[in-house]
Amino acid sequence: MRFVPEKKSLLGESLESFESEILAADFPKYRAKQVFDWIFKKRISDWDSMKNLPKAFLEWLRINYVIDPTKILLDKQSNDVTQKFLIQLEDKRLIETVLIRAPQEGVGLDKSRKTVCVSIQVGCAYGCKFCASGLAGFKRNLFASEVIAQLIHMSRIDSPKLEQSSNESVSFDNIVFMGMGEPLANYNELVNVLKIMNASWGLNIGARRITVSTSGLAPEIEKLADEGLSIRLAISLHGATNEVRNQIMPINKRYPLEVLIPAIEKFREKHGRMVTLEFILIDGVNDSLEQAKALVKIAKRLHAHVNCIPYNKVEGLEWKRPSITRQNKFVQILKDANVSVTIRREKGHSINAACGQLRLKKELEMAEQEPSPSSPFIKPNIEN
Ligand code: SAH
Ligand code: SF4
């Protein structure tokens, strides 16, 4: 059943729509900016902190809105670098957000590069065979407010003192939509989120710092190019031929490579930005010489950067990562062909760091305690 929250959250409002609501309720329009200052710049989480607002207006706000519809349930520190959080939504569903602090040479951890990985859906309907989010099936789309809330939580954890100090917004180097869910399957809310993230009245994050990752929804890729947002796009390719991609990504049946690649090409032409091809290396599945050669062809045609990621083990799935020698061989073929390539030896392996795994584990534990009719294990709704 569709979840409809009792009240809207301020974190999902745009300035324009909030101003018109305020005007309609007979309050002055400039109040909107004051409220946004409290929630987006000073990151407060309670009404009482909004000190410059008259009582009657505050009362109206309280009746009609909530500030943040989420709360942090659990954090698991894998090491100094990766911190993973479970966040609970109003309907008690769980999502996860990851804060990654990658140390820079010669500087302390506080000066590290910071990346936040956000979720955009509860679960995922696309059922990729290697992915924990796909394994649990799809529950629902997140609202823009629930995505923005993830960033606000992370920024409070990252710099708790900001509240008293300044007008500054969140200070992450990168935000990646690589948590749970398929961003382009929650298209309208994704665009709302990107606008709030980017706006000077919102989180004021440069679009270049934002990466949207997609498993390859060709029509939405083209649509996204027209939104006028200078975000980065990453494509989860994971197979360089239809034969291999069909085995692990059901979406490839709907949008096979001969449809997907031209859509990426169009995105690149309209948008003018280099696209990244994500390629998980799975032992014996997509790590052959032939796959590397086919990947070279695609990367060259798209002028794309390739990011190889050794597969991160998911409990209950049989896939594993290739040996380091095999990983290196694969990458070398790309390098020898002058393809721009990196290999991400990802952090946080020790706390189920790959997409969706922490949540899956927690839901399994909860399901064991109290089996419920809304059990998470709905079958993916895409034909295999
Ligand atoms: N649905 C989007 C974004 C979320 S997944 C997408 O598929 O692109 C983010 C990235 O994590 C994707 O590239 C996905 O393929 C990858 N991923 C999923 N499970 C993984 C695993 N077990 N090990 C390594 N990467 C994984
Ligand atoms: Fe969904 Fe992305 Fe996982 Fe595929 S890889 S199941 S699209 S979250």
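Before any of the text, the structure's been laid out above.
Residue positions within a chain follow its written sequence, with the count starting from 1. Working convention: letters from A go to chains and numbers from 1 go to ligands, in the order in which they are written. pLDDT decides what is reported in this predicted model: residues at 70 or higher carry local features, side-chain atom pairs at 80 or more are listed and counted, and totals for whole chains, interfaces and linings draw on all residues regardless. With hydrogens and water set aside, each side-chain value is computed from the structure's full complement of heavy atoms.

**Q** An account of the nonpolar core is needed here, citing residue identities and associated values.
**A** Buried residues of nine kinds, namely Ala, Val, Leu, Ile, Met, Phe, Trp, Tyr and Cys, make up a nonpolar core once their side-chain atoms join them within 4.5 Å. Only protein chains enter the accessibility calculation, which uses a 1.4 Å probe; a residue is then buried when its area is under 20% of its type maximum, exposed when over 50%, and partly exposed in between. Residues Met 50, Leu 61, Phe 177 and Met 197 are the most contacted members of the largest nonpolar core, which totals 113 residues. Each domain's extent was defined by an automatic or database domain assignment. Both of domain 1 (8-66) and domain 2 (71-369) provide at least three residues apiece to this core. Filtering out sequence-adjacent residues up to four positions away, Met 50 remains in contact with Leu 10, Val 35, Trp 38, Ile 39, Ile 44, Leu 58, Leu 61 and Ile 67. In this analysis, two residues are considered to be in contact whenever any of their non-hydrogen atoms come within 4.5 Å of each other.

**Q** Please set out unusual backbone geometry residue by residue, giving values where relevant.
**A** Non-glycine residue Lys 92 carries a positive phi angle of around 70 degrees. For helices the rule is a DSSP run of H or I covering at least 4 residues; for strands it is a run of E covering at least 2, with both sets numbered from the N terminus onward. Relative to the elements of secondary structure, Lys 92 occurs in the loop between strand 4 (82-88) and strand 5 (94-102). In the Ramachandran plot, Asn 338 falls in the positive-phi region, its phi being about 65 degrees despite a non-glycine side chain. You can see Asn 338 is positioned in the loop between helix 13 (324-336) and strand 14 (341-343).

**Q** If you had to explain helix 5 (residues 144-158) to someone new, which residues and values would you point to?
**A** Between its first and last C-alpha atoms helix 5 spans 21 Å; for 15 residues at 1.5 Å apiece the expected length is 21 Å, and the two agree. Of all 15 residues in helix 5, 14 are buried, a share of seventy percent or more. Here a helix's expected span is defined as the number of its residues, less one, multiplied by 1.5 Å.

**Q** Tell me about the site of ligand 2, and please be specific about residues and values.
**A** The criterion for a residue being near a molecule or strand is simple. One of its heavy atoms has to lie within 4 Å of it. Around ligand 2, the surrounding shell holds twelve residues, and the nearest of these are Cys 124, Cys 128, Cys 131, Gly 134 and Ser 215. In the scheme used here, Gly and all other residues not listed as nonpolar or charged are polar, with Ala, Val, Leu, Ile, Met, Phe, Trp, Tyr, Cys and Pro taken as nonpolar and Asp, Glu, Lys and Arg as charged. Residues that form the shell around ligand 2 fall into these classes: six nonpolar, five polar and one charged.

**Q** Got a sec to walk through the pattern of salt bridges? Specific residues and values, please.
**A** We define a salt bridge as a contact between a side-chain nitrogen of Lys or Arg and a carboxyl oxygen of Asp or Glu at a distance within 4 Å. In this structure the tally under the stated criterion is 15 salt bridges. In this structure, Glu 96 engages Lys 84 in a salt bridge whose closest nitrogen and oxygen atoms are separated by 3.1 Å. Residue Glu 96 is found in strand 5, and its partner Lys 84 is found in strand 4; the two are separated by twelve residues along the sequence. Lys 84 matches Glu 96 in its accessibility class, with the two residues each being buried. In this structure, a network of salt bridges that share partners links the residues Lys 8, Glu 13 and Glu 21.

**Q** I'd like a description of the pairing of strand 4, backed by residues and values.
**A** Of all the seven residues making up strand 4, seven are buried; the element is thus mostly covered by neighbouring parts of the structure. What you see with strand 4 is no split at all: Thr 82, Lys 84, Leu 86 and Gln 88 on one side and Gln 83, Phe 85 and Ile 87 on the other are buried throughout. The sheet contact formed by strand 4 and strand 5 spans seven bridges and is antiparallel. Note that in strand 5 the partner of Thr 82 across the bridge is Ile 100. The hairpin formed by strand 4 and strand 5 contains five residues between the paired strands, and Lys 92 there has a positive phi angle of roughly 70 degrees. Strands pair, by our definition, only if DSSP identifies at least two bridges between them.

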